[in-house]
Amino acid sequence: MRIILIRYHNNSMNIPYLLVRNKQKQKPSQKQKTDYWAGTLDEKWITKRVVIDMTVGLVMTKQKTPHQNKQHHPVLLESVLQVLSPKAGQSYLDLTAGYGGHASEVLDIIGESGSATLVDRDANAITELKKRFGDNENVELLHTDFVTAATGLIRKGKQFDMVLADIGVSSPHLDMPERGFSYAREGPLDMRMDQQQATTAADLINTMSEDELTHIFRSYGEEPRARRIARAITTHRPINRTSQLAAIVEDTVGKRYVGGTLPRVFQALRIAVNDELGQLSLLLTVLPKLLKPGGRMAIISFHSLEDRLVKQFIKQASYGLEATLANLTKKPIKGSKNDLHPRARSAMLRAAVK
Ligand SMILES: C[S@@+](CC[C@H](N)C(=O)[O-])C[C@H]1O[C@@H](n2cnc3c(N)ncnc32)[C@H](O)[C@@H]1O
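Just so it is clear, the model here is predicted, and its values are computed rather than measured. (Residues numbered from 1 in each chain as written. Predicted model: local features only at pLDDT ≥ 70, side-chain atom pairs only at ≥ 80, totals over all residues.)

A. Examining the pairing of strand β7 (residues 160–166) more closely. Across the seven residues of β7, seven count as buried, placing the element largely inside the fold. As paired strands, strand β4 (residues 91–94) and β7 are joined by three bridges and run parallel to one another. Along β7, the bridge assignment pairs D94 with L164. By the bridge criterion, six bridges tie β7 to strand β8 (residues 291–301) in an arrangement that is parallel. Across the sheet, the residue bridging to A165 is I299, located in β8. (Buried ≥ 20, exposed ≤ 12 C-beta atoms within 10 Å, placed from the backbone. Helix = DSSP H or I, 4+ residues; strand = E, 2+ residues; numbered from the N terminus. Pairing = 2+ DSSP bridges.)

Here you go:
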């Protein structure tokens, strides 16, 4: 008999495993099937393979999905651990701690003699991090953007054995309609990672010129119909809801292209609202100063422009006699197309050592 153990999350997040027993004589009862299917089949990230396993298997324990748990599944976890190579007693800086997925794995390894500084500019993420790590006196939480955090830490003379930046939005961002990140969920056109920031997506959409919007969609979204979409937006303003913007995009590009266009338009707008490329460029200029000699850094990006910035930075920093870093990843480590986590499919990890 074969036991398939499907791990949706790492164990330290206290989320139960889903056990599926395969190739057994006894067929799952209709109720067992229904329990499972009702609970998880609507989750996009269930791969075909898992669903096939499920149809021939018996669900031994019921499982909450990551979505239901509002937890964040760490992307490229094994590769991150491999390149950062954490050891007991080391220090860790997580510049985009999110819901603490990577952090909890690293903390497990560095143990009580280790220490961690966890940064996020999202108030919800900080609240969750406080719940998870607030009791750990070796964990420091910083609610700010990573450029401000990095410069503050450098000013204090702090250096770390490991630094991680897992750039971009978290799944909970996309799941919460009120945050306005997702074209699939009706909500205000907000998209701010830091809710204290003044400018929202609606502000950009309602005030920028056709040329400026075209630039955003073209450069950050690589959207071929950028000009037409920008023009449609300027003629239909004010636009304050995700559904309004999605409908305008659909009317402009038609049903045939809307599926590919919506993610590009929303991603481009999000990058602009949060100045994501500006933040990353500034971070890269100071990053080596945050590493101890022998310290390791890893950056996960999800956008070709971000990956290009990281690649160029590591290339320059590891060049010649004056090199400050050695490259650990000649090519980016990529997420698998079959990964259970949809974000992982476009993830690119690069790493270097000081
Ligand atoms: C992809 S999630 C990180 C997930 C995390 N690695 C985990 O395993 O839970 C990215 C997080 O980085 C945060 N973030 C993005 N850009 C940031 C910035 N410039 N400064 C600080 N936090 C940022 C977002 O708010 C989000 O919570």
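B. Representation of the nonpolar core. Core analysis: the largest hydrophobic core is formed by 54 residues, its most contacted members being L95, V163, A298 and I300. In this structure A298 touches V80, V83, L84, L164, L349 and A351, once residues within four positions along its chain are discounted. Residues F181, I229, V249 and I271 belong to the second largest nonpolar core, which totals 27 residues. (Core = buried A, V, L, I, M, F, W, Y, C linked by C-beta atoms within 7 Å. Contact = placed C-beta atoms within 7 Å.)

C. Highlighting the site of the ligand. As a structural note, the neighbourhood of the ligand is formed by 21 residues, with T96, G98, G101, D122 and D166 the closest of them. Every element with two or more residues in the shell around the ligand is listed here: α5 (101–110) and β5 (115–120). Per-class residue counts for the shell around the ligand are seven nonpolar, nine polar and five charged. (Near = placed C-beta within 6 Å. Nonpolar A, V, L, I, M, F, W, Y, C, P; charged D, E, K, R; others polar.)

D. Broad picture of unusual backbone geometry. That bond from R237 to P238 is cis: its omega, 0°, falls within 30 degrees of zero. Relative to the assigned elements, P238 resides in the loop between α11 (226–236) and α12 (242–253). Despite not being glycine, E222 shows a phi value in the positive range, around 50°. With respect to the helices, strands and loops of the structure, E222 is situated in the loop between α10 (210–221) and α11. The backbone of D275 shows a phi angle near 45°, a positive value even though the residue is not glycine. Along the chain, D275 turns up in the loop between α13 (255–273) and α14 (276–286). You can call D275 partly exposed: it has 16 C-beta atoms within 10 Å.

Read these as geometric descriptors, not functional statements.
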